[in-house]
Amino acid sequence: RELCEVLASERRYVAELAALVDYYLLPLRAHAATKPSPKHALLAPPALAAIFSSCELLLDAHRALLADLRGVCDAGTWPFVAHVGDVFLKAAPAFGGYHMYVEGFKNAVDLLASECASNARLRAFVDDAYARASAERDQWVDLPGLLSAPLNRIARYEGTLLRLTRLRLDELVSAADAASVVSAYGIVQQQSALVREHLEASENTAALRRVMRSLSGYEGPFELQKQGRRLVKEGELVSATSGKRRYAFLFTDLLLLTTPKKNGRFELKYVTELATADVVAVDADGTVDASGGGGGGGSAR
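Each value, and the rule that gives it
Residues numbered from 1 in each chain as written. Predicted model: local features only at pLDDT ≥ 70, side-chain atom pairs only at ≥ 80, totals over all residues. Heavy atoms only, no water. Helix = DSSP H or I, 4+ residues; strand = E, 2+ residues; numbered from the N terminus. Buried < 20%, exposed > 50% of the residue type's maximum accessible area, 1.4 Å probe, protein only. Contact = heavy atoms within 4.5 Å. Areas by Shrake-Rupley, 256 points an atom, 1.4 Å probe, with all protein chains shown as cover. Phe/Tyr/Trp six-rings, centres within 6.5 Å; stacked < 30°, edge-to-face > 60°. Expected span 1.5 Å × (residues − 1). Arc of directions from axis to C-beta. Polar contact = N/O pair within 3.5 Å; in protein donor to acceptor, adjacent residues only side chain to side chain. Core = buried A, V, L, I, M, F, W, Y, C linked by side-chain atoms within 4.5 Å. Salt bridge = Lys/Arg side-chain N within 4 Å of Asp/Glu carboxyl O.

A. Representation of the overall build of the protein within the structure. Helix and strand counts for the protein come out as 10 helices and seven strands. Out of the 301 residues in the protein, the part that is buried amounts to 38%. Considering only residue pairs separated by 6 or more positions, the protein has 59% of its internal contacts joining residues 24 or more positions apart. For the protein, the computed accessible surface area is about 16300 Å², with 55% contributed by carbon and sulfur atoms.

Following this line, the structure appears as structure tokens:
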């Protein structure tokens with residue numbers, strides 16, 4: 001039963017990846033190739049690469065995995081489980097393609113939404129591709145859904161292999177099969193943990209890029225992306241001394257104070273490095289609390 005379920009799930013997943021490539025990526029790439037300039041394409045090549053990432057590599061890897069799983073099912077060892085661990089050990093090196101895909105996922109989805117919002121021709125293409133995929137392949141998952149399909153795939157294999165490690169030895173063809181399942185589970189478990197780390201990094205990178213795109217009013221080079229920097233919180237602040245309202249972006253090492261503008265834009269007013277800032281307690285009437293304060297190069301009130 002476990003093997004039948006993983007085979008059916010793999011068929012559905014390969015169908016989703018194939019729809020992503022056949023109905024969206026390849027037509028968009030072909031369209032861009034016919035245009036004299038990237039600006040005339042529905043999606044410029046850099047945007048295509050960012051949105052679809054390594055999905056073609058994933059499709060090739062999972063077509064091979066599906067073929068191997070079918071081979072196991074056709075081997076005639078039922079009701080015993082044989083060679084499943086070997087199949088996943090063979091496929092495991094290709095799972096490294098998930099790291100790049102997942103790390104860029106959040107930015108890919110945000111970029112797709114931004115491009116569709118500003119490009120009526122692209123929106124029409126996406127709607128038409130969805131209609132064709134639904135009619136021709138009974139594929140009812142939209143483009144954002146197809147892009148998100150790989151996110152939990154390795155975790156699904158982790159759960160499947162964990163359940164197989166709990167089978168009794170007499171349900172497996174040999175002790176070697178039991179050992180290969182345990183080995184495959186260990187490798188897939190590590191890959192699943194790495195995927196979760198990359199997804200977390202993807203969300204943070206997308207947040208930094210979103211803030212960076214929304215800022216104006218600064219002179220010279222200014223870059224938010226930095227190793228170890230994370231967006232902690234954002235929201236409106238009111239100055240206790242002047243009463244001015246500012247929109248703040250708090251990072252692990254930086255505080256940005258801005259003035260909201262139209263269309264989700266923010267004019268940058270102040271940049272404070274937290275390592276050199278003072279935090280001073282201020283009473284409701286604007287007077288400095290005598291018990292507060294600290295050493296440093298500046299004050300935040």
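B. Examining the packing of aromatic side chains more closely. With the rule as written, the count across this model stands at seven aromatic pairs. The rings of Phe88, Phe95, Tyr98 and Tyr157 are connected pair by pair, giving a single aromatic cluster.

C. Here's a closer look at helix 7 (residues 120–137). Between the first and last C-alpha of helix 7 there are 25 Å, a value that for 18 residues agrees with the 26 Å anticipated at 1.5 Å per step. Buried within helix 7 we find Leu122, Phe125, Val126, Ala129, Ala133 and Ser134. All buried residues of helix 7 fall inside an arc of 165 degrees around its axis, so they share one side. Facing away from the buried surface of helix 7 by more than 90 degrees, the exposed residues are Asp127 and Ala135. At the N-terminal boundary of helix 7, the capping side chain belongs to asparagine 119, with an oxygen 3.0 Å from the backbone nitrogen of arginine 121.

D. Region of the structure containing the nonpolar core. Counting 57 residues, the largest nonpolar core has Tyr24, Phe52, Phe88, Phe95 and Leu147 as its most contacted members. The greatest single-element share of this core, amounting to 14 residues, is contributed by helix 1 (residues 2–33). Within the second largest apolar cluster, 12 residues are counted, among which are Leu208, Met212, Tyr247 and Leu268.

E. View of the pattern of salt bridges. Counted under the stated rule, the structure contains 14 salt bridges. As a salt-bridge pair, glutamate 234 and arginine 210 come within 2.7 Å of each other at their nearest N and O atoms. On the criterion of sequence distance, the pair formed by glutamate 234 in strand 2 (residues 231–238) and arginine 210 in helix 10 (residues 175–214) is long-range, its members being 24 residues apart. Judged by relative accessible area, glutamate 234 falls into the partly exposed class, the value being 29%. For arginine 210, a relative accessible area of 36% corresponds to the partly exposed category. Measuring nitrogen to oxygen at the nearest pair gives 2.8 Å for the salt bridge that ties arginine 245 to glutamate 236. Glutamate 236 carries the same exposure label as arginine 245, and that label is exposed. Overlapping salt bridges, with partners in common, bring together Lys226, Arg229 and Asp253 in one network.

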